[in-house]
Amino acid sequence: MYYKKVITKNQTYTPVYHTLVDLYAFSYKEKMNQIPLVLLDGISKNPKDYGLMVLLARYYREMGDKLNATSYYQNAIDLAGSLGQTEQQKAIEEELKAL
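Residues numbered from 1 in each chain as written. Predicted model: local features only at pLDDT ≥ 70, side-chain atom pairs only at ≥ 80, totals over all residues. Heavy atoms only, no water.

Peer 1: Whenever I open this one, helix 4 (residues 50-62) confuses me. Can you help?
Peer 2: Think of an α-helix as 3.6 residues a turn; residues three or four steps apart then line up on the same face. With 13 residues, helix 4 should cover 18 Å at 1.5 Å per step; its first-to-last C-alpha distance of 18 Å lies within 8% of that length. Along helix 4, the positions that sit buried rather than exposed are Y50, L52, M53, V54, L55, L56, A57, Y59 and Y60. Looking at the packing, one finds that the buried side of helix 4 touches helix 2 (15-26), helix 3 (35-45), helix 5 (66-82) and helix 6 (86-98). The backbone nitrogen of G51 lies 2.9 Å from a side-chain oxygen of the residue at the head of helix 4, namely D49. (Helix = DSSP H or I, 4+ residues; strand = E, 2+ residues; numbered from the N terminus. Expected span 1.5 Å × (residues − 1). Buried < 20%, exposed > 50% of the residue type's maximum accessible area, 1.4 Å probe, protein only. Contact = heavy atoms within 4.5 Å. Polar contact = N/O pair within 3.5 Å; in protein donor to acceptor, adjacent residues only side chain to side chain.)

Peer 1: So what exactly am I meant to see when it comes to the packing of helix 3 against helix 4 here?
Peer 2: When two helices pack together, their arrangement is given by the angle between their axes and by how far apart the axes lie. Here helix 3 crosses helix 4 at 160°, and the two axes come no closer than 9 Å. Judged on the interaxial angle alone, helix 4 and helix 3 are roughly antiparallel. Both helix 3 and helix 4 take part in a crossing whose hand is left-handed. Facing helix 3, whose interface residues are I35, P36, L39, L40, G42 and I43, helix 4 presents L52, M53, L55, L56, Y59 and Y60. Counted by class, the contact of helix 3 with helix 4 contains 11 nonpolar, one polar and no charged residues. (Axes fitted to C-alpha atoms, helices over the stretch in contact; angles between N-to-C directions. Parallel < 35°, antiparallel > 145°, perpendicular 65-115°, else oblique. Left-handed = near helix turned anticlockwise from the far one by under 90°. Nonpolar A, V, L, I, M, F, W, Y, C, P; charged D, E, K, R; others polar.)

Peer 1: How should I be thinking about the packing of helix 4 against helix 5 in this particular structure?
Peer 2: Where helix 4 contacts helix 5, the two axes come as close as 8 Å, and the packing angle between them is 160°. Classed by the angle they form, the pair helix 4 and helix 5 counts as roughly antiparallel. The hand of the helix 4/helix 5 crossing is left-handed. Here helix 4 contributes Y50, M53, V54, L56, A57, R58, Y60 and R61 to the contact with helix 5, which in turn contributes N68, A69, Y72, Y73, N75, A76, L79 and A80. For the contact of helix 4 with helix 5, the class distribution of residues is 12 nonpolar, two polar and two charged.

Remember that the coordinates give geometry; whether it matters functionally is a separate question.
Structural data, given as structure tokens:
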């Protein structure tokens, strides 16, 4: 798949992780179980990208896994705060409260 090749060549280009997750979620539903693997790979290669953490939290929320969703939301909140991204931090906090 094209997107996996892009990830192989440039592991820090995070929009491709988002696109691959969207493809698996909406077009290749049989691959939905691979979403956490894609996002965990992206997070490991881009540890300062709280957006990937939020995507993973949302995935777990949709799967009914409140424990993991809460964990990844909290990690994203902490990271956004440490990066001085207060607006994003507040937005993520609201998502967590709605959980």
